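# Results of the structural survey
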Amino acid sequence: MPLIAVSADIYETGLDIAHQSAEKLGYRFLGRELLAEVAQEHKVTEKELLDSLQASPGLLPRRVRRRRELSNLIQVACLERLQQDNTVCYGLGAHLYLEGVSHAMRVHIISTPQQRAADLARKEGMPLQQAPKLLKRRDQSDHKWSKETYGSDDSEPSLYDLALNLTTLEPAKAVDLICDAAASSKFMAMTYSKQCLQDKLTACRVRQKLLPSFPDVEVSVSNGTVVVRISSLPYNARKKQEKVRQLASEVPGINYVEVHVTSRLLISKRG
Amino acid sequence: MSEPLSVLLLDDEPIVGKRLRPVLNKLGCEVEVFDDPKLAMQRLQEKEFNIVVTDIRMDDIDGMQVLEYVRQQWPDTRVIMITGYAMMSLAREAMEKGAFDFLAKPFTPDDLRKVISMAARYYGFDIKSPDPD
């Protein structure tokens, strides 16, 4: 049976719909309660974790690096729990990192720009007239962040299997539609999709090991084979390659580690 | 169950059948291997197999057509799709058309054993899976 990753333009609206869908289907609900567990396990604050899901880190490299580490901690915890099917996941950005997993149905709940502006004005305690401008800025920054961090643009319609517009649908109808779609056999878990999910978890675990030493690391996994991409100055590329291999090999379930090093000189010349 | 589990294995690369036949035989299955989809389809017209394992991308007749035919002709037969071109859209299409499971190549003999043992349970066979769920 499927996993359902719900995202929404307005957090509270999506939360209700995701909760009700889980209840109606008899599925487990996985939400931001998870952040408390992650915070305790990794000695970070819940606020830091929440910020990493909500706001762009800005331009300071140290903050970007920290944000990547925090986002990755959430991904690991979330993907560990999603190895069990029959789960509705909400508020953890799962729709961005479940791409390619065929038994993960990704749903987006759409609100109008006016509804979103009103919600933002209420939350920020600002005049309604100023909200659209801030909303636009935040959207741009969020799209950039999601693309850089997860490799997916959250504004891209093809990211979602189902987009539900609350200006034309009652929330109860949206719940019905999600539950009906979840019954489709195309979202059934199978050996291949479970392997894809396991590969995503392994990639995040490897990234967790490598991010403190290699902040620009990119990791992908296919059937237990890990491909790592880092940049380095030519003189210590080999040493770094070895370190990556050693750290990545500590993660369970890995068959082989391939490390690609891009010369930092080349990058700076191109840039 | 007195009759052994019957399996039709179809892959246009003969090496796949050659490698997988012993794996299935060891599980106690009666296996018929085909590398020509037309001959496999002819055989499927004559006999109801418990399990069909088919490659997807083949010339003339592809695995999706085999799946559709088997689901229509023998609804109780479990169809397992195998492919070297696995992707989300293909996996979803196969499941929607009634596939029992979908495996990406390369896979290990243990992966196949696990899937066969799950499919066999439907017929009351208890094949020991390498990693029981």
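Residues numbered from 1 in each chain as written. Chains lettered and ligands numbered in written order. Predicted model: local features only at pLDDT ≥ 70, side-chain atom pairs only at ≥ 80, totals over all residues.

## Digging into the overall build of chain B
- The helix and strand inventory of chain B stands at five helices and five strands.
- Sequence-ordered secondary structure for chain B, helices as α and strands as β, is β-α-β-α-β-α-β-α-β-α.
- At 13 Å, chain B has a C-alpha radius of gyration in line with the 14 Å of a compact globule built from 133 residues.
- Based on the C-alpha atoms only, the size of chain B along its principal axes is roughly 35 × 30 × 30 Å.
- The buried share of chain B, reckoned over its 133 residues, is 42%. (Helix = DSSP H or I, 4+ residues; strand = E, 2+ residues; numbered from the N terminus. Rg over C-alpha atoms; globule rule 2.2 N^0.38 Å. Buried ≥ 20, exposed ≤ 12 C-beta atoms within 10 Å, placed from the backbone.)

## Section: the overall build of chain A
- On a plain count of helices and strands, chain A comes out with eleven helices and eight strands.
- What you see for chain A is a C-alpha radius of gyration of 20 Å, in line with the 18 Å of a compact globule of 271 residues.
- Projecting the C-alpha coordinates of chain A onto the three principal axes gives extents of approximately 60 × 45 × 35 Å.
- Among the 271 residues that make up chain A, the fraction classed as buried is 35%.

## Considerations on the sheet that holds strand β6 (residues 218–222) of chain A
Residues and elements named next belong to chain A.
- Sheet architecture is open: three strands sit in the order β6-β7-β8, paired in mixed fashion. Looking along the sheet, the strands with just one partner apiece sit at the ends: β6 and β8 (256–263). Taken over all neighbouring pairs, the strand axes of this sheet differ in orientation by 20° on average, direction set aside.
- Here strand β7 (residues 225–232) pairs with β8 via eight bridges, running parallel. Its bridge partner being in β8, isoleucine 230 is matched across the sheet by valine 261.
- Across the sheet, helix α10 (residues 237–249) is in contact with β7 and β8; its angle to β8 comes to roughly 150°. (Pairing = 2+ DSSP bridges. Axes fitted to C-alpha atoms, helices over the stretch in contact; angles between N-to-C directions. Contact = placed C-beta atoms within 7 Å.)

## Observations concerning the domain arrangement of chain A
Residues and elements named next belong to chain A.
- Here the domain parsing of chain A yields domain 1 (3–187) and domain 2 (191–270).
- For domain 1 and domain 2, the distance between their C-alpha centres works out to 27 Å.
- Listed per partner, the contact involves 16 residues of domain 1 and eleven residues of domain 2.
- Of all the elements, helix α4 (residues 61–81) adds the most residues to the side of domain 1 that touches domain 2, at nine residues.
- In terms of residue class, the side of domain 1 that touches domain 2 is made up of six nonpolar, six polar and four charged. (Domains from an automatic or database assignment. Nonpolar A, V, L, I, M, F, W, Y, C, P; charged D, E, K, R; others polar.)

## Details of the nonpolar core
- Ranked by internal contacts, the top residues of the largest apolar core, which has 103 residues, are A:Ile4, A:Val6, A:Cys89, B:Val7 and B:Ile80.
- Both domains that furnish three or more residues to this core are identified here as domain 1 (3–187) and domain 2 (191–270) of chain A.
- Not counting residues within four places of it along the chain, the set of residues in contact with B:Ile80 comprises B:Ile51, B:Val53, B:Phe100, B:Asp101, B:Leu103, B:Val115 and B:Ala119. (Core = buried A, V, L, I, M, F, W, Y, C linked by C-beta atoms within 7 Å.)

## Things to note about the interface of chain A and chain B
- Taken together, the contact pairs eleven residues of chain A with twelve residues of chain B.
- Tallied by class, residues from the side of chain A that touches chain B come to three nonpolar, seven polar and one charged.

## A few points about the confidence of the model for chain B
- Here chain B averages 93 in pLDDT, and 95% of its residues register 70 or above.
- At the level of chain-chain contacts, confidence expressed as ipTM amounts to 0.92, with global pTM at 0.90. (pLDDT = per-residue confidence, 0-100.)

## What about the pairing of strand β3 (residues 87–90) of chain A?
Residue and element names in this part refer to chain A.
- Side-chain alternation along β3 places Thr87 and Cys89 on one buried face and Val88 and Tyr90 on a second face that is also buried.
- Pairing geometry for strand β1 (residues 3–8) and β3, over four bridges, is parallel. Residue pairing in the sheet places valine 6 in a bridge with tyrosine 90 of β3.
- The pairing of strand β2 (residues 28–30) with β3 spans three bridges and is parallel. Looking at the pairing, phenylalanine 29 lines up with valine 88 of β3.

## What about the sheet that holds strand β1 (residues 5–10) of chain B?
Residues and elements named next belong to chain B.
- One open sheet accounts for five strands, arranged β2-β1-β3-β4-β5; its pairing is parallel. With one partner strand each, in any of the chains shown, β2 (29–34) and β5 (101–104) form the two edges of the open sheet. Shown here is a sheet whose adjacent strand axes are inclined to one another by a mean of 20°, direction ignored.
- Summarising the sheet, β1 and strand β3 (residues 51–55) pair through four bridges and their orientation is parallel. Bridge pairing in β3 places leucine 8 opposite valine 52.
- Where helix α1 (residues 14–26) meets the sheet, it contacts β1 and β2, and its direction lies at approximately 170° from that of β2.

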